[in-house]
Every structure is written in structure tokens, then in C-alpha cells.
Amino acid sequence: MLTACSAPPDKLGKLDVKKWRQDRGGCKGDRVSLISDLKAEQKQLLGKFADDIGKILGRPDIHQLGERNTKFYIYFLEKGAQCEDITKKSDARKVILKFNAIGLMSEITYQSRPL
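What counts, and where the lines are drawn
- Residues numbered from 1 in each chain as written.
- Predicted model: local features only at pLDDT ≥ 70, side-chain atom pairs only at ≥ 80, totals over all residues.
- Heavy atoms only, no water.
- Buried < 20%, exposed > 50% of the residue type's maximum accessible area, 1.4 Å probe, protein only.
- Helix = DSSP H or I, 4+ residues; strand = E, 2+ residues; numbered from the N terminus.
- Pairing = 2+ DSSP bridges.
- Core = buried A, V, L, I, M, F, W, Y, C linked by side-chain atoms within 4.5 Å.
- Contact = heavy atoms within 4.5 Å.
- Salt bridge = Lys/Arg side-chain N within 4 Å of Asp/Glu carboxyl O.

### A word on the pairing of strand E5 (residues 94-99)
- The element E5 is extensively covered by neighbouring structure, given that 5 of its 6 residues are classed as buried.
- Summarising the sheet, E5 and strand E6 (residues 105-111) pair through 6 bridges and their orientation is antiparallel. The residue of E6 that forms the bridge with Phe99 is Met105.
- The hairpin turn running from E5 into E6, its antiparallel successor, is 5 residues long, and Gly103 in that turn takes a positive phi close to 90°.

Written as C-alpha cells, this is what we have:
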């Protein structure tokens, strides 16, 4: 119960999540420098609930619902068309976090093709 009131962390292992959260849409260019740190901390993120991921990494740039109550959080890693209009298709690199039906993160993928 106490964790619900606590502030989000500034670091997750090597990953500077404060800097990550401040770069909405990857538009400032900070997230691209954090990719290797994110990859290094992936195991710490897997199995966490969607709400916890939202607190750690911040609100996703795009939130999609999938089949069978799965959901996806998409975070852009670099500047692209999404910086001008989030509804435009963007070739910018992104990380996609997949959550299962009970809200636990089950997969992390990286891609650059438009959604």
C-alpha cells in the first residue's frame, strides 16, 4: 500500500528513467541514448504490472488494445513524424511492451516500421 503513494524512481539499474519520462515521444532525442540501458534492464521490467510500468517509464506514447484482453504500450525511441502529430504513422524506432490478459508484461520488442 505504501508503494502506491511513493514517487516514481529516478533510476532502474543503469537506466535513467527520469530522463526517459521527460522525453515524451522521443522528440527531445534523449531516449535514443538510453536504448542500451533499457535493454540491460529488460529482465527487471518483465513480469511487472502495466500500472507499475506506467509509473516507472511514464505514460506510454501510444496505448493499444489487442486480442484476448492483451494490451501494448508503445514508447518512441527517437524523433519522427509522431512529434508533429501522434496520429501519423512514424518510421521512428520504438519499443513495444506487451501485457497479457491479467496485466503482466510478457514481451518486449523493438521495431522501426509503422504500427
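### With respect to the nonpolar core
- Ranked by size, the top nonpolar core spans 20 residues in total, and within it Trp20, Leu45, Ile53, Leu57, Tyr75, Val95 and Leu97 carry the most contacts.
- Those elements giving two or more residues to this core turn out to be helix H1 (17-21), helix H2 (35-40), helix H4 (50-57), strand E4 (71-76), E5 and E6.
- Top element by residues in this core is H4. It accounts for 4 residues.
- Leave out the neighbours within four places in its chain, and Leu57 touches Leu15, Val17, Trp20, Arg21, Leu45, Tyr75 and Leu97.

### Side note on the pattern of salt bridges
- Under the criterion given, the structure shown has 4 salt bridges.
- In this structure, Asp61 and Arg24 form a salt bridge, with 3.2 Å as the shortest nitrogen-oxygen distance. Here Asp61, found in the loop between H4 and strand E3 (62-65), pairs with Arg24, found in the loop between H1 and H2; they are 37 residues apart in sequence, far enough to count as distant.
- The salt bridge partner of Arg31 is Asp61, with a shortest N-O separation of 2.7 Å. Placement of the pair is Arg31 in the loop between H1 and H2 and Asp61 in the loop between H4 and E3, with a sequence separation of 30 residues.
- Residue Arg31 is classed as buried on the basis of its relative accessible area, which comes to 1%.
- Relative accessible area serves as the criterion here: at 11%, Asp61 is assigned to the buried category.
- Among the charged side chains, a salt-bridge network with shared partners connects Arg24, Arg31 and Asp61.

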